[in-house]
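# Results of the structural survey
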Amino acid sequence: MNLLAEIRRRFAAALENILDDGGAVNEFAGMVLPSQDAKFGDYQANLAMPLGKRLGKSPRDVAAEVVASLQVGDICEPPEIAGPGFINLRIKNDFLTRQLKRALNDTERLDVSPVAAPRTYVVDYSSPNVAKPMHVGHIRSTVIGDALYRVLKFLGHRTISDNHIGDWGTQFGMIIYGWKHFGDEQAFAKAPVAELTRLYRLVNTLVEYFASRDEIAPALRRRVGELESRVALMELAPGPKAPADQKKRDKSVQQAQADLEAARAELVVVESKLLETEADSDFVELIKQHGNVGQAVLAETAALHAGDATNRALWERFLPPCLAEINETYLRLGVQFDHTLGESFYEDALAGVVNDLKQKGLAKESEGALCVFLEGFEAPFIVQKQDGAFLYATTDLATIQYRMREWKPDAILYVVDHRQSLHFAELFAAARLWGYENVELEHISFGTVLGEDGRPFKTRSGSSVGLSGLLDEAVERAYKIVCENDDKRPEPLLSDEERRIVAERVGIGAIKYADLAHNRTSDYKFSYDKMLAMNGNTAAYMQYSYARVRSIFDKGGVEADALRAGAAAISLDHPAERALSLALLQFSEALDRVVIDYRPNLLTDYLFDLASKYAAFFENCSVLRAENEELRTSRLLLCDLSARTLARGLELLGIQVVERM
Ligand code: ARG
């Protein structure tokens, strides 16, 4: 059961007697929260102050009034009113033990009830552009999306995952161009993805070189020039008289100087990279022959879209190995999708979408392009370019249309990094205009993965870090740690094969957990050392806690299933036992918190707290050597439920446990 929800219901019932506005009743009942500190009881209601204000009564009187009609005798000790009117609740021990028994006997759901009103969710996550290898940037979407999918589903919602892969964009134009000019049949036959990756990188380097030489560097030079004259002018201008104005002026001069320095530094980087490239004589040959690569890549993409037979055939040849490659990564990550309907899937629907928008008077021509003008946005949402090409935006509108028709969702969640915020804000606004008003459209935005230096995580040469290499390294490091720990034992516990399996779970779990444990909207620093630490808020610590509990059963030769089936009672004499029990019963509250604002870190927080309470319990309460048989059984039951709650929680984050490590 969800204890917090139940207590809130009781408060709502009590508040009905005091307030006549239903909305306000729920709002005030929502002010009941788990206590931050056990000395204020287990739950606390902070509603008397605002309620007193509203009713023009003193908070303490209001608190007394609420308590007088509050029916919680079956759950709590008599409520206490503290300070200016806090209502503190302490759950009765016999209630706790009864609930623990229910959770113990419900091996599947741990007594987490499914929601009363299930909704249909479509979760759009991972969604990489498939013609290039997955990189570190894809971790967050994949892992956060997968965790949300799992939690929503566990809570009883109809949940549909759809991997909206980029299988139709410019990256295919790059590969096609690359293949036509540099393709190597033999290499492709041997290792298709490696060959496609080589082509992608080569063409991309060329495209970037020209962009940098012909656009970025000149623009930077212009900016440096402008800033230089701005600074010079500022320094020449006569100073203002008033000291306050003088200060202001100094500040803006300093700002301009700082901007100038920054622009100069940026230019140095760009120019030295250009020089470096131009020092490579092979590359200079390429530059000479492929001066038009940028345009040519776009032309290849356009030809593909227009149905050009050669390009279609190449696309059909290249796509399967690309998909096989990303699927391998998914397999390793333990991520599956209900659907993988990429951009190409919607190709045939795009013209219809644009026509419909035109007919409804929503899309209008502007400078040759077709645009949806949206209130509150500076730029219009372009759905068709002047040359007739459709865009990412058009595909996303078609995707909404399809999802709404096929699945009739109540909500569509897009787990995509924060740089696409504007796109989604506009997409949602356009979709509303188009008539999709009764669906929750949500951009589940997230921050950037940073390197140890605090800048976006890149390889030394400045390219993005490949995902599979990242996983390999985490697993390799985990393997070393697992071996070291096991070798420290008087007698090692694990065979090498077991060590490998453990390392895979610990390594991958570490990466996933580190990502999930951060508030998704913040950036975070990627650090193998931190994420693989055996102590602290890490997957390794959770997995270790789990394995440690399991080892108690091993050591004691106890069958957990048989124990659960028995009629043994649970006693909560030690404060650490009680604290652990309460935490165990709050699992369902944690899951509810996750889905309010789609934040998996609220589940990692919960698991860390649970593991810490378990550690405190284990330190304070002997289990196998408890004073008597009843106590031993009671504690073993707590151990069992702890292990299963940890395992279930980790599973909902997409992380596997190991029985021994
Ligand atoms: N393929 C896109 C990218 O790599 C992300 C797609 C996200 N989903 C969507 N429906 N737009 O940036």
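The coordinates are above.
Quick look at the structure, then.

So, how was this worked out
- All residue numbers refer to positions counted from 1 along the written sequence of the respective chain.
- The model is predicted, so local features are restricted to residues of pLDDT at least 70 and side-chain atom pairs to those at 80 or more, both for listing and for counting; the totals for chains, interfaces and linings are taken over all residues.
- For side-chain calculations, the full set of non-hydrogen atoms in the structure is used, while hydrogens and water are omitted.
- Only DSSP runs of H or I reaching four residues or more are called helices, and only runs of E reaching two or more are called strands; each is numbered from the N terminus.
- Exposed residues in this analysis have more than 50% of their type's maximum accessible area, buried residues have under 20%, and partly exposed residues fall in between, with area computed by a 1.4 Å probe over protein chains only.
- Any pair of residues with heavy atoms lying within 4.5 Å of one another is described as a contacting pair.
- Two strands make a pair as long as DSSP finds a minimum of two bridges between them.
- For every element, the axis is a line fit to its C-alpha atoms; helices are fit only across the contacting stretch, and the angle between N-to-C directions ranges from 0 to 180 degrees.
- We define proximity as follows: a residue is near a molecule or strand when any one of its heavy atoms falls within 4 Å of that partner.
- Counting of polar contacts relies on pairs of N or O atoms within 3.5 Å, with two restrictions inside protein: one atom must be capable of donating a hydrogen and the other of accepting it, and residues adjacent in sequence are counted only when both atoms are side-chain atoms.
- Exposure was quantified through the Shrake-Rupley algorithm and a 1.4 Å probe, taking into account, for residues, occlusion by the shown protein chains and nothing else.
- Each residue gets one of three labels, nonpolar for Ala, Val, Leu, Ile, Met, Phe, Trp, Tyr, Cys and Pro, charged for Asp, Glu, Lys and Arg, and polar for the others, Gly among them.
- Throughout, the term roughly parallel applies to angles under 35 degrees, roughly antiparallel to angles over 145, roughly perpendicular to angles from 65 to 115, and oblique to all others.
- Crossing handedness is defined as follows: a turn of the near helix away from the far one that is anticlockwise and smaller than a right angle gives a left-handed crossing, while the clockwise case is right-handed.

Quick look at the overall build of the chain now. Counting its regular elements, the chain contains 25 helices and 13 strands. Overall size of the chain, expressed as C-alpha extent along the three principal axes, is 85 × 70 × 60 Å. For the chain, the proportion of its 661 residues judged to be buried stands at 49%. Expressed as a percentage of contacts within the chain between residues at least 6 apart in sequence, the contacts between residues at least 24 apart total 74%.

Looking now at unusual backbone geometry. Positive phi is not limited to glycine here, since Asp 111 has a value of about 65°. In this fold, Asp 111 is placed in the loop between α5 (93-105) and β5 (120-124). A residue is classified by how much of its surface remains accessible, and Asp 111, at 11% relative accessible area, is buried. The residue Glu 367 is not glycine, and still its phi comes out positive at about 50°. Checked against the element boundaries, Glu 367 lands in the loop between β7 (363-366) and β8 (369-372).

Strand order in the open sheet formed by four strands is β1-β2-β4-β3, and the pairing between neighbours is antiparallel. The strands lining the two open edges of the sheet, one partner per strand, are β1 (32-34) and β3 (80-82). The mean inter-strand angle of the sheet, taken between neighbouring strand axes irrespective of direction, is 30°. Here β3 pairs with strand β4 (residues 86-89) via three bridges, running antiparallel. Paired with Glu 80 across the strands is Asn 88, a residue of β4.

Let us now look at the site of the ligand. Every residue near the ligand is listed here: Asp 124, Ser 127, Asn 129, His 164, Tyr 392, Asp 396, Tyr 414, Val 416, Gln 420 and Phe 424. In the environment of the ligand, a nitrogen atom lies 2.9 Å from a nitrogen or oxygen atom belonging to the side chain of Asn 129. For the ligand, whose accessible area on its own is 350 Å², the fraction buried by protein is 87%. Looking at the shell around the ligand, the elements with two or more residues in it are α15 (392-407) and β10 (411-417). Looking at the shell around the ligand, its residues break down into four nonpolar, four polar and two charged.

A sheet is described by the order of its strands in space; here three strands give the open sequence β7-β8-β9, paired in antiparallel fashion. Strand pairing shows two members of the sheet lacking a second neighbour, β7 and β9 (381-384), which therefore form its edges. Pairs of neighbouring strands in the sheet enclose a mean axial angle of 45°, with direction left out of account. When β8 meets β9, the two strands line up antiparallel, connected through three bridges.

All right, on to the packing of helix α24 (residues 601-620) against helix α25 (residues 629-652) then. Packing of α24 against α25 brings their axes to within 10 Å, and their N-to-C directions diverge by 160°. Judged by the angle between their axes, α24 and α25 are roughly antiparallel. As for the relative orientation of α24 and α25, their crossing is left-handed in sense. Listed contacts from α25 to Leu 603, Tyr 606, Leu 607, Leu 610, Ala 611, Tyr 614 and Phe 617 of α24 are Arg 635, Leu 638, Cys 639, Ser 642, Thr 645, Leu 646, Gly 649, Leu 650 and Leu 652.

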